[in-house]
Amino acid sequence: AGGSKEGIIIKVEIIPGAIEGGSIMQALSKAKVGGNYTIQWLFGLPEVVEFLHRHHVEEGGSVQVIQKLSNGLIIGANGERFAMGNEIADRIQV
């Protein structure tokens, strides 16, 4: 029985803006406690994005990771602190 060998082709694409200042963007959920980060972009349900924008969590804004929780984190932004789940923090790139 003749077999065919198939190779695997991996395409690597550099996304413009994905590397800022020599570091690769990461999800806010992966950021270190105590770190201050600049939000590069975010997405999500319109009502969630509106809430984040009302609390100054928006592209170009700064956030600090105050504490990690089992399924989320507490962040500080513009003098306010609030908790968010990882399902939201995963959609915020810093």
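This section reports on the structure supplied with the text.

About the criteria used
- Residues numbered from 1 in each chain as written.
- Predicted model: local features only at pLDDT ≥ 70, side-chain atom pairs only at ≥ 80, totals over all residues.
- Heavy atoms only, no water.
- Helix = DSSP H or I, 4+ residues; strand = E, 2+ residues; numbered from the N terminus.
- Buried < 20%, exposed > 50% of the residue type's maximum accessible area, 1.4 Å probe, protein only.
- Contact = heavy atoms within 4.5 Å.
- Pairing = 2+ DSSP bridges.
- Axes fitted to C-alpha atoms, helices over the stretch in contact; angles between N-to-C directions.

## Some points on the overall build of the protein
When helices and strands are tallied, the protein shows two helices and eight strands. Listing the helices and strands of the protein from first to last along the sequence gives β-β-β-β-α-β-β-β-α-β. Out of the 94 residues in the protein, the part that is buried amounts to 31%. Pairs at least 24 residues apart make up 51% of the contacts formed inside the protein by residues separated by at least 6 positions.

## Thoughts on the environment of Trp41
Relative to the elements of secondary structure, Trp41 occurs in strand β4 (residues 41–42). Once the C-alpha coordinates of Trp41 and Val57 are considered, the two residues, 16 residues apart in sequence, prove to be 9.9 Å apart. Excluding its chain neighbours within four sequence positions, the residues that come into contact with Trp41 are Met25, Glu59, Arg91, Ile92 and Gln93.

## Points about the sheet that holds strand β7 (residues 80–85)
One open sheet accounts for four strands, arranged β3-β5-β6-β7; its pairing is antiparallel. Looking along the sheet, the strands with just one partner apiece sit at the ends: β3 (36–38) and β7. Here the strands of the sheet are splayed against their neighbours by 35° on average, with no regard to which way each runs. Note: β3 against strand β5 (residues 62–68), three bridges, orientation antiparallel. Looking across to β5, one finds that Tyr37 is bridged to Val63.

## Let's talk about unusual backbone geometry
In the Ramachandran plot, His56 falls in the positive-phi region, its phi being about 65° despite a non-glycine side chain. Within the secondary structure, His56 sits in the loop between α1 (46–54) and β5. A positive phi angle, close to 55°, is found at Asn78, a residue other than glycine. Tracing the sequence through the fold places Asn78 in the loop between β6 (72–77) and β7.

## A word on the pairing of β7
Pairing geometry for β6 and β7, over six bridges, is antiparallel. By the bridge assignment for β7, Gly76 is matched with Arg81. Where β6 folds back on β7, the antiparallel hairpin that results is connected by two residues, among which Asn78 adopts a positive phi of roughly 55°.

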